[in-house]
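Working through the structure, step by step
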Amino acid sequence: MGVERVQEIANFSKETIPEEFIRTTYEQPALTTVQGTVLEVPVIDLSDPDEEKVVRAIVDASSNWGMFQVVNHGIPHETVRKLKEVGKAFFELPPHEKEAYAKSPGSQSIEGYGTKLQREVEGKKAWVDHLFHKIWPPSEINYQFWPKNPPSYRKNNEEYAKHMHGVVDKLFRCLSLGLGLDGNEMKEAMGGDNMVYLLKINYYPRCPRPDLALGVPAHTDMSAITILVPNDVQGLQACKDDHWYDVEYIPNALIVHIGDQVEIVSNGKYKSVLHRAKVNKEKTRISWPVFVEPPPDLEVGPHPKLVNEANPPKFESKKYSQYCFCKLNKTPK
Ligand code: OGA
Ligand code: NI
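As the structure is a computational prediction, the values presented were derived from the model and not from experiment. (Residues numbered from 1 in each chain as written. Chains lettered and ligands numbered in written order. Predicted model: local features only at pLDDT ≥ 70, side-chain atom pairs only at ≥ 80, totals over all residues. Heavy atoms only, no water.)

1. Remarks on the packing of aromatic side chains
Applying the stated rule across the entire model yields 9 aromatic pairs. Judged by centre distance (6.4 Å) and plane angle (80°), the rings of W146 and Y153 are edge-to-face. Assigned by exposure class, W146 and Y153 land together as buried. Members of the aromatic cluster, joined through ring pairs, are F90, F91, Y101, Y113 and Y203. For the cation-ring pair, K240 lies above W65, with the distance from its terminal atom to the ring centre recorded as 5.2 Å. Sitting over the face of the ring of W244, R276 holds its NZ or CZ atom 4.3 Å from the ring centroid. (Phe/Tyr/Trp six-rings, centres within 6.5 Å; stacked < 30°, edge-to-face > 60°. Buried < 20%, exposed > 50% of the residue type's maximum accessible area, 1.4 Å probe, protein only. Lys NZ or Arg CZ within 6 Å of the ring centre and 35° of its normal.)

Here you go:
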């Protein structure tokens, strides 16, 4: 094993935290969050029959924020509640039961239980443990990374995956129409029905110094879009116009992030959002992002209908797997 889980570190961190979790002053949330003004991330009602209005709202949010929340999205609240219940129960198992799902050190795959995703600048660590596994399409699922305990883990996750398609299709349709493309063209550019849904559970234990540490440092998601549900502990922050703002959770909303691939296909019209996550002094934060991604071998680039002499491509076309490799290894794009 040899890896220290943050959940264990948190158990013996009563007043202070190990030095490697203390962020530089450029990153410490207490010093870098805009206080007093709560800039609200747009909230969009997906059930509104006026589709043009929904498209306008999504275009506006995706161009200016790269992030929005959707309500009346069609995923039953009970389905979301059950997804969260089993994920939380997994992280509350004793360590040896969780370690059975640990990512093996040399593994190429991202799937499994783990603690450190990538090397970070200045060797700082993030106050979080995670579990990654794919939930769609069925042919891509590795059940070895799905907890067998609690017993309803599988059923509840399958149910969530099944209900996601409606939201995903609606979002891609609106994003596509908003670029002047046909309704299906954005989804097709991402691999159509071969898109992969990768679930991550972030488990951020209580932290005695939430002013100094970060759960997840600033990043943009590599995915096409990310659809996230949080537990009831606030902590997600979005960067807008070079300032960090708390994202206020709306009960039962899904939080949508525009990822790098949508920014690329839109040739920069939509922006992938720079975001990060804080931790909490009294409560464990948990979040369930699903990264909706192109299949690894699909080449993604600015949509041909959006580029011409006046609008040259702003991004190189690349296989999605290659894009991820370059970003994780910080090699030039
Ligand atoms: C992520 C992420 C934010 C959160 O895992 O990519 O941005 O609120 N998480 O957990
Ligand atoms: Ni993210």
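2. Considerations on the coordination of the nickel ion (ligand 2)
Ligation of the nickel ion (ligand 2) by protein atoms is provided by H219 (NE2), D221 (OD) and H275 (NE2), these donors lying 2.1 to 2.2 Å from the ion. The motif formed by the donor residues of the nickel ion (ligand 2), counted along the single chain, is H-x1-D-x53-H. On the basis of relative accessibility, which here comes to 24%, the residue H219 falls in the partly exposed class. (Donors = N, O, S within 2.8 Å, 3.2 Å for Na, K, Ca; no water.)

3. What about the site of ligand 1?
Near ligand 1 lie 13 residues; those nearest to it are K200, N202, Y204, H275 and S287. Contact between ligand 1 and D221: an oxygen atom at 3.4 Å from a side-chain N or O atom of the residue. Burial of ligand 1 by the surrounding chains reaches 98%, relative to a free accessible area of 300 Å². Those elements giving two or more residues to the shell around ligand 1 turn out to be strand 5 (196-204), strand 11 (275-277) and strand 12 (285-293). (Near = heavy atom within 4 Å. Polar contact = N/O pair within 3.5 Å; in protein donor to acceptor, adjacent residues only side chain to side chain. Areas by Shrake-Rupley, 256 points an atom, 1.4 Å probe, with all protein chains shown as cover. Helix = DSSP H or I, 4+ residues; strand = E, 2+ residues; numbered from the N terminus.)

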